[in-house]
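Residues per chain, in single letters:
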Amino acid sequence: MLEKLGDIYIMSTDILHEQKNRSLLQIAIFASGAGSNAKKIIEYFRGSKEASINLIVCNRQGAGVIQIAADSQIPVLIIEKERFFNGDSYLQELQHSSINFIVLAGFLWKIPETLIQNFRNKIINIHPALLPKYGGKGMYGSKVHDAIIAAGETESGITIHYVDEHYDNGDIIFQAKCNIEPNDTAETLAEKIHQLEHENFARVIEECVSKI
Ligand code: GRF
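These numbers were taken from a predicted model, which means no experiment stands behind them.

The rules behind these values
- Residues numbered from 1 in each chain as written.
- Predicted model: local features only at pLDDT ≥ 70, side-chain atom pairs only at ≥ 80, totals over all residues.
- Helix = DSSP H or I, 4+ residues; strand = E, 2+ residues; numbered from the N terminus.
- Buried ≥ 20, exposed ≤ 12 C-beta atoms within 10 Å, placed from the backbone.
- Contact = placed C-beta atoms within 7 Å.
- Near = placed C-beta within 6 Å.
- Axes fitted to C-alpha atoms, helices over the stretch in contact; angles between N-to-C directions.
- Parallel < 35°, antiparallel > 145°, perpendicular 65-115°, else oblique.
- Left-handed = near helix turned anticlockwise from the far one by under 90°.
- Nonpolar A, V, L, I, M, F, W, Y, C, P; charged D, E, K, R; others polar.
- Core = buried A, V, L, I, M, F, W, Y, C linked by C-beta atoms within 7 Å.
- Arc of directions from axis to C-beta.

(A) Looking closely at the overall build of the protein. In terms of regular secondary structure, the protein is built from eight helices and nine strands. Residues counted as buried form 33% of the 212 residues belonging to the protein. Summarising the internal contacts of the protein: among those between residues at least 6 apart in sequence, 67% fall at separations of at least 24.

(B) Highlighting the site of the ligand. Near the ligand there are 16 residues, and of these Gly33, Ser36, Asn37, Gly106 and Pro128 occur at the shortest range. For the shell around the ligand, the secondary structure elements donating two or more residues are helix H2 (36-45), strand E7 (123-127) and helix H8 (186-210).

(C) Summary view of the packing of H2 against H8. Packing of H2 against H8 leaves a shortest axis separation of 9 Å and a crossing angle of 40°. Judged on the interaxial angle alone, H8 and H2 are oblique. Where H2 crosses over H8, the handedness of that crossing is right-handed. On H8, the residues that touch Ser36, Asn37, Lys40, Ile41, Tyr44 and Phe45 of H2 are His194, Glu197, His198, Phe201, Ala202 and Ile205. Considered class by class, the residues forming the contact of H2 with H8 number six nonpolar, four polar and two charged.

(D) Structural detail: unusual backbone geometry. That bond from Leu131 to Pro132 is cis: its omega, 10°, falls within 30 degrees of zero. Here Pro132 lies in the loop between E7 and helix H7 (141-150). For Ser89, which is not glycine, the phi torsion reads 60° and is therefore positive. Here Ser89 shows up in the loop between helix H4 (81-86) and helix H5 (91-96).

(E) The nonpolar core, seen in detail. Formed by 50 residues in total, the largest nonpolar core has its most connected members in Ile29, Ile41 and Val103. Not counting chain neighbours up to four residues away, the residues in contact with Ile29 comprise Ala38, Ile41, Ile53, Ile56, Val103 and Ala105.

(F) Region of the structure containing H7. Those residues of H7 lying buried are Val144, His145 and Ile148. Seen end-on, H7 carries its buried residues on one side only, within an arc spanning 90°. Those residues of H7 that are exposed and angled more than 90 degrees off the buried face are Ser142 and Ala150. In this structure, the buried residues of H7 make contact with strand E8 (155-162) and H8.

So this is what it looks like as structure tokens:
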């Protein structure tokens, strides 16, 4: 309803609220692993007025994230290499689900140009190190933590960044650090990193989508 206040008309807050609901941002999470980050993100956005998690995209049958999606009744799209890299990159399904933001949470394939172009500045990734160090092709999962421990680093952390055509290269949105003690191993470092990811990723996603 429009209410007249002097010479100006304002929308009633009910209508504004409805409009906000209608423009709820639809997020797809791309993940191929255990899905602990996906789980945290799903929990965080449950009931949110800003955004909802509408789709999980996974390239590995049997990945833990599939069960997490099923438990939350979120549809899963299992993708295959050929169509992802040499076809339409599943753009049709993403558009059909009205996806307007993509979160990479442990997704190991490079994002093809078709998706980069259609989701410019609307794809973000989490990397388990302080980029630009320990990033790039082949730097994923335990390989990152192994390299950091082998180099004798005294700190590591997480980086959340926009995704562009190159590996681990887009603008950095957020970083958080943790100390590495002399007795830390790649496994204990991975635990510290997961903790930082779980504490920060969903909140940073919310900040990103609120700017769209
Ligand atoms: C995270 O450490 C993330 O930084 C990396 O892959 C891992 C995924 O873990 N890109 P999970 O599947 O969310 O537990």
